Structure formats: structure tokens, C-alpha cells
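# Overview (structure and organization)
Chain by chain, the residues:
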Amino acid sequence: MGRWICCLCSRVADPLMLLLVLALSCSSFTAATSSPSVPHVKPSYSFGRTFLGLDKCNACIGTSICKKFFKEEIRFDTWLSSHLKLPPSYLLSYSGNYTDDAKSWRLVDITRLTSKYQHDRADKRICTSLLKTKTCSLERALRRTQRFQKWLRAKRLTPDLVQGLSSPMLRCPSQRLLDRIVRRYAEVPDAGSIYMDHLTDRDKLRLLYTLAVNSHPILLQIFPDVEGWPFPRYLGSCGRLVVSASTQPLRDFYSAAPEVAADLALQLLAVLRSMGTNDLNYFFYFTHVDAGTFGVFSNGHLFIRDASTLGIIDKEEGSQLIDGQQEHKDIFSCLTVDCQSAFVSCDSIREKHSLVMVCQELLPKLLKGKFLQPVQEKIDSFLQHCASGLTDDQGVNEAIAKLAEILKPLRSCDSRFAYRYPDCKYSDKY
């Protein structure tokens, strides 16, 4: 068409003027039909090593999921457009999205093992107590400690290597539990061995640091959800951030409908029973519970959201560390707690321990004023009996059994409870 216009114009009387007009029109037409596409520039989000905690490695948790962050396959919910910055670093947890194929995304929780303030305080304590300076190389300082030197020489993780650590999980350690930690430690390639030969010096420091600060990610690794344990799935760590499957904290359900509250209360009691009696003969107990300890998945399934206050007693082997030995403390004992904090005796833990705490702290807030009389009055009475049952094991168990009996017919069977629907239609279990 351009050639036709050019030929037509060449017959006009004033050739010089028309040739100039024609040249401009022909070039603009050609540009319109063959202009190359503008390359699409992918927005990029800049990470600071400080935000992730990578500048502190190897005094950190791990690096198994760092590539996901840098490839933008893990995104914070605030990353809605390229001009938005990273969320504030002082927060303890963040809501995020995770993908394996860049097409489908799922919600995840991105958390710190402790607040950035506590981390910074612990880092300063390491430098001032070990090297007498305000700043230092954390890795170099920790590597010089007597405890870590013992870890370097050890072939197997034994109770004496973890004595004095503040984690409730390690207050009454058995060799069987420690072997499970080494065999299932997910920040290294799986060797399936109870011996630490496959752990590098760097790996040993990261494992020791994690156990000293907060054992939550270790519990998620050694008792995975795919085996039926009530924990969210561990997806990996980067620096001092941990990524796991997303749950909504129980506090968000305090104002839920009566049938939802009844369902969650029954699930909570079932989780506590399973933690006290399971095929592996481990007895799990809480040293503290609050509204963020438990969480609920989008399908209505209740899980333990924060495992940092969980202690473990091995009913099969028992503790291989006598209480007197636990008084041995060092810098690793003081990273997140006061060095003068007293340890709870292993012999003082009772099986009803967690039930009483839940009856005191969580169930009254979840079930308060939800039902008509006289049902509500009975529920309140059983909760009060359970909460005050510190000296009456049988009384606590009876109160919980009667409470469960009242709650079962109060829950409903519909699509809001996807974790058991439509199975509940055809099973007496529900």
C-alpha cells in the first residue's frame, strides 16, 4: 500500500514539496507496521542480607530456601507492586505467598525465631561476653567456645552436648530423640544416619544455634505433618527467617459461630491427647500456651502453630540427663533467656499439665457465652473443674471427657469444615 501511495503522489504537479510530504508519510507508515516490541522489564525487589539475617550466618538457622526469596518465588503480601518495599524488619512474623511453578501460589508464614531486638541483644551479648568487644564476627566467637569445640569432635549428638540449653525440648533429652534430630535435620542433604559425619562444621554451628535460640523449626522437621503430627509443614529457612505452611491463629476464632468453636475445642483436646499418647512413646507437654500457640488451616484443621514452648519426655528411654547436670550453662544457654532462669525438673511434669493450661487460658475464651443454658452452664463448670485440677489427675480427665461429650453434638457437618467434609456425613466418628 505504501508503494501505491508513493506512485500516486509522484504524478502531482509540485514534485519537490510532495516528495517531502510523501517521504514522511511513508516512513511513519513503515514504522507503524514493523516497530519492534518494547522489552518487558521484570520488576525486581532488592533484599538486604541484614533483613534476612544472612549477614549473621553461620550463626543463623539455614539457607535451604534462600533461592526462593531471590527468585521471587516467595513474596510478602505487601509486594503488590514494584514500588513497594520490604516489610519492616522489626516484625516477628509475616504473611507471604509461595510458588513452585510461578502460576499457582499458596499462603505461607515467614517468621523469626525471636524478635529482631532480642536477636540483636543476643548478638551483642556474644561479642561482649566472649571477645570483650561491642561488635565481632559471631561465627568466629561461637566457634571458639568449649561447647562448639566438643560438637566438632563429636561423632554423635549426645545429651552432654545439649545440656544447659534453654529449649524445653532439650530439658529432658533421650539419646533416641537426639538421634532423630540428626537423622532428620532438613537443612542438610538427607543421610539417614544417626552419626554427624554428614554435617560440616557450618552445619553443626547452625544446628546448635537453632537449638539454643528456638527449637520450633527442628520440631517441624523431626515430626513432619506428612506423618500425621499436628505441626505445619516446614518449607525451609534463609538466614534467620523460617518459612512454613500458613495457619490462622486461634485468637481469630474467639468470636466464631458456636458450631465452629465446638469443633475447634474438640480438635484442641484431640491434639493434646495425641501428644500425650502416640506410637513413638514421646510425651509432649507445653511450658506455656497463648492465643498464638495453636492455628487453623483454611480447611478448618487445627494445628500447633508455635512449637517453641513444647517439651518432650521419652517414655520409652527416659531422660539421660539428671537434673543436676542441667545447671551447666554457657553463652548458648543465654541467647534468648536470662542466664539465671531455673530449669523445670523432668520429674515435676504431669500428664495433665497441658490440659490444665488449655482449660485455664484458651478454652474459656473460645467457648464463653456461645451456647444456650443449661448447656453453657455445664461447659463452664467442666472447664472450671479442669482448670483447678492441679492435684486431681482423675478429676481433670473426667471433666475433659464430659466436656467432649457435650461438645460433639454441637458441631455441624458442612463445607466450612473441609478437613472432615463430606466424611462426617457417613461416619459415626464425627
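These remarks concern the structure in this document. Within every chain, residues take consecutive numbers counted from 1 along the sequence as written. Note on the predicted model: pLDDT of at least 70 is required for a residue's local features to be given, and 80 or more for side-chain atom pairs to be given and counted; whole-chain, interface and lining totals, by contrast, use all residues. Excluding hydrogens and water, the side-chain values take into account all heavy atoms of the structure.

### Points about the sheet that holds strand β2 (residues 93–98)
For the record, the criterion: Should DSSP find at least two bridges between two strands, the strands are regarded as paired. Each helix is a run of H or I in the DSSP string that is no shorter than four residues. Each strand is a run of E no shorter than two, and both are numbered from the N terminus. Between the N-to-C directions of two axes lies an angle of 0 to 180 degrees, each axis being a line fitted to C-alpha atoms and, for a helix, fitted only over the stretch in contact.
Spatially, five strands are ordered β1-β2-β3-β5-β4 in an open sheet, and the strand pairing comes out antiparallel. Every other strand in the sheet has two partners, leaving β1 (74–76) and β4 (234–238) as the edge strands with one partner each. Recorded for the sheet is a direction-independent mean angle of 30° between the axes of neighbouring strands. One ladder, built from six bridges, connects β2 with strand β3 (residues 106–112); its direction is antiparallel. Among the inter-strand pairings, Asn97 is bridged to a residue of β3, identified as Leu107.

### Re the state of the cysteines
Under the convention used in this document: Our working definition of a disulfide is a cysteine sulfur pair at a distance within 2.5 Å. The rule is simple: take the accessible area with a 1.4 Å probe, protein chains only, and divide by the maximum for that residue type; under 20% is buried, over 50% is exposed, in between is partly exposed.
Counted according to the given criterion, the structure contains six disulfides. Disulfide pairing places Cys413 opposite Cys424 at an S-S distance of 1.9 Å. Measuring handedness by torsion sign, the sulfur bridge of Cys413 and Cys424 sits at about 80° and is right-handed. One end of the pair, Cys413, is in the segment after α16 (393–407); the other, Cys424, is in the segment after α16, with eleven residues separating them in the sequence. What makes Cys424 buried here is its relative accessible area of 10%.

### Overview of the sheet that holds strand β8 (residues 294–296)
In spatial order, the strands read β6-β8-β9; together these three strands make up an open sheet with antiparallel pairing. Looking at strand neighbours, the two that pair on one side only are β6 (248–249) and β9 (302–304), the edges of this open sheet.

### Comments concerning the packing of helix α7 (residues 146–153) against helix α10 (residues 201–213)
Going by this rule: Here the angle decides the label: under 35 degrees means roughly parallel, over 145 means roughly antiparallel, 65 to 115 means roughly perpendicular, and every other value means oblique. A clockwise turn of the near helix away from the far one marks a right-handed crossing, whereas an anticlockwise turn of less than a right angle marks a left-handed crossing. A contact between two residues is defined here by any heavy atoms of the two lying within 4.5 Å. Charged means Asp, Glu, Lys or Arg here, nonpolar means Ala, Val, Leu, Ile, Met, Phe, Trp, Tyr, Cys or Pro, and polar covers whatever is left, Gly included.
Interhelical geometry of α7 versus α10 gives an angle of 130° and a closest axis separation of 10 Å. With respect to α10, the axis of α7 lies oblique. By crossing handedness, the relation of α7 to α10 is classed as right-handed. Side by side, α7 and α10 meet where Arg147, Phe148, Trp151 and Leu152 of the first sit next to Asp201, Lys204, Leu205, Leu207, Leu208 and Leu211 of the second. Class assignment of the residues belonging to the contact of α7 with α10 gives a composition of seven nonpolar, no polar and three charged.

### Quick word on the pattern of salt bridges
To keep things clear, this is the line we draw: Criterion for a salt bridge: a side-chain nitrogen of Lys or Arg within 4 Å of a carboxyl oxygen of Asp or Glu.
For the structure shown, the criterion picks out 24 salt bridges. Across the salt bridge formed by Lys68 and Glu73, the nearest N and O atoms sit 3.2 Å from each other. You'll find Lys68 and Glu73 in the same group, each marked buried. For the salt bridge of Glu227 with Arg180, the shortest nitrogen-to-oxygen distance reads 3.6 Å. Taken as a pair, Glu227 in the loop between α11 (216–222) and β4 and Arg180 in helix α9 (residues 175–184) lie far apart in primary sequence, 47 residues in all. Judged by its relative accessible area of 6%, Arg180 falls in the buried class. The network of salt bridges with shared partners includes Lys68, Lys71, Glu73, Asp100 and Arg106.

### Examining the packing of aromatic side chains
Applied cut-off: Pairing of aromatic rings covers Phe, Tyr and Trp, the last through its six-membered ring, and needs centres within 6.5 Å; plane angles under 30 degrees mean stacked, over 60 mean edge-to-face, and all others mean tilted. Two conditions define a charge sitting above a ring: the NZ of Lys or the CZ of Arg must be within 6 Å of the ring centre, and it must be within 35 degrees of the ring normal.
For the structure shown, the criterion picks out eleven aromatic pairs. Taken together, a centroid distance of 5.1 Å and an interplanar angle of 80° make the contact between Phe223 and Phe284 edge-to-face. With Phe223 in the loop between α11 and β4 and Phe284 in strand β7 (residues 282–286), this pair connects stretches of sequence that are 61 residues apart. Of the two residues examined, Phe223 and Phe284, each falls in the buried class. Chaining the aromatic ring pairs together yields one cluster made of Phe51, Phe69, Phe76 and Tyr94. For Lys68, the ring lying beneath its charged end belongs to Tyr98, and the centroid distance is 4.8 Å. The ring of Phe51 has Arg112 lying over it, and the distance from NZ or CZ to the ring centre is 5.2 Å.

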